[in-house]
Each structure stands twice: as C-alpha cells, then as structure tokens.
Amino acid sequence: MKKLTLIVNGKKTQVDSHPFSRLLDVLREELKLTGTKEGCGEGECGACSVLLDGELVNSCLVPVIQANGKKILTVEGLAKKELTPLQISFMKCGGAQCGICTPGMLIASHWLKKSKKKLTTQSIRENLSGNLCRCTGYSQIVDSVRNVKGAS
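This write-up is about the structure you can find in this document.

To continue, consider the sheet that holds strand β5 (residues 71-73). Judged by pairing direction, the sheet is mixed, and its five strands sit side by side in the order β2-β1-β5-β3-β4 without closing on themselves. Because the sheet does not close on itself, it has two edges, and the strands there are β2 (11-17) and β4 (55-58). Here the average twist between neighbouring strands, direction ignored, is 40°. Where strand β3 (residues 49-52) meets β5, two bridges bridge the pair, whose relative direction is antiparallel.

Set out below in structure tokens:
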C-alpha cells in the first residue's frame, strides 16, 4: 500500500492504495464516486472516462500511481451547485438512456467542448467514437452536444 495524493473534482484527497490498482476502482470503491461506470474493463467502451490533468482517459486502464498529484475530473465534478448546460441538454434531447454510458459521454463531451474544436455532427461523432452506447443510436447524444449554447 502507498499513500497517494489525488486532486479529485477540485478537492485534494489522500488514499492508501496499491500503486497498480485501477484508477476506476479507487474512484468507485475508496472515494465512493460511483458516477464513473465500468462497462468493459478493457478500455473499449468509454463508460469509465475521466479527465486526468485535462486529458480524456479510460480510468479502467490507468494505474492509480499515474494519477498521483494530478487533477481528476469525474462526472460528479461537472456540476457545482446546479446542472451544467451540457447535462441539461442531455436531459432535454434524450442523450441519457439507461445510464451506463452517460457519465463517460458527458465527460467526453465536456472535454470536446473545452477543446474549442468546431462542433459539427461529423466532429462530434468522431470525437465520441471511443464511447459506446447500446440504447440511443447516438443521434440523441450528438444532438445533446450540438444543441448546447455556443455549439455550431
């Protein structure tokens, strides 16, 4: 076990963890941040997506030692006191269905919006291609991202 410092959703916290534990497991089991979901456990589905120092990563593939001293943004950290325009758009456009992919889709969409890329249907589809959804057929998710204020 090793004492590690993580900055999760803006809050500095320490955990005692095996250095090669998955970041996903530390977030869910030790920090009780269960918004980040495990879908495949192989980095293929994107359900466990978080931002690690501003980069989109699959937390099921990241050993927690790699997050030591770094900033982590989970779906719980998106909204401070109220839902973000992105979260509201997901609700209004039907981008959230069963809920398994939704946290990863929200984090990936948040990252995409922060990237300042031009948001077209094609660019949204390309940038969310690492996140799999069985329920929506992606149309509502793309609409959710495109319809947020400031998107083209």
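Alright, that's what it looks like, and here's the rest.
The relative placement of two packed helices is expressed as an angle between their axes plus a distance between the axes. Helix α3 (residues 102-114) packs onto helix α2 (residues 85-93) with a crossing angle of 130° between their chain directions and a minimal axis gap of 10 Å. Regarding the angle of α2 to α3, the classification is oblique. For α2 against α3, the interelement crossing comes out right-handed. Contacts between α2 and α3 pair L86, Q87 and F90 from the former with T102, M105, L106, S109 and H110 from the latter. Here the contact of α2 with α3 is composed, by residue class, of four nonpolar, four polar and no charged.

A few words now on helix α1 (residues 23-30). For α1, every residue scored as buried is listed here: L23, L24, V26 and L27. If you follow the buried residues of α1, they end up packed against β1 (2-8), β2, β3 and β5. Looking one or two places after α1, you find K32, whose phi comes out positive at around 60°.

Tracing the backbone through its elements, the reader meets S49 in strand β3. On the accessibility criterion, S49 (4% relative accessible area) is buried. Among the polar contacts listed, one links the side chain of S49 to the backbone oxygen of G46, at a separation of 2.8 Å. When sequence neighbours within four positions are dropped, the list of residues in contact with S49 reads L56, V57, N58, G104, I107 and N131.

Thresholds applied
Residues numbered from 1 in each chain as written. Predicted model: local features only at pLDDT ≥ 70, side-chain atom pairs only at ≥ 80, totals over all residues. Heavy atoms only, no water. Pairing = 2+ DSSP bridges. Helix = DSSP H or I, 4+ residues; strand = E, 2+ residues; numbered from the N terminus. Axes fitted to C-alpha atoms, helices over the stretch in contact; angles between N-to-C directions. Parallel < 35°, antiparallel > 145°, perpendicular 65-115°, else oblique. Left-handed = near helix turned anticlockwise from the far one by under 90°. Contact = heavy atoms within 4.5 Å. Nonpolar A, V, L, I, M, F, W, Y, C, P; charged D, E, K, R; others polar. Buried < 20%, exposed > 50% of the residue type's maximum accessible area, 1.4 Å probe, protein only. Polar contact = N/O pair within 3.5 Å; in protein donor to acceptor, adjacent residues only side chain to side chain.

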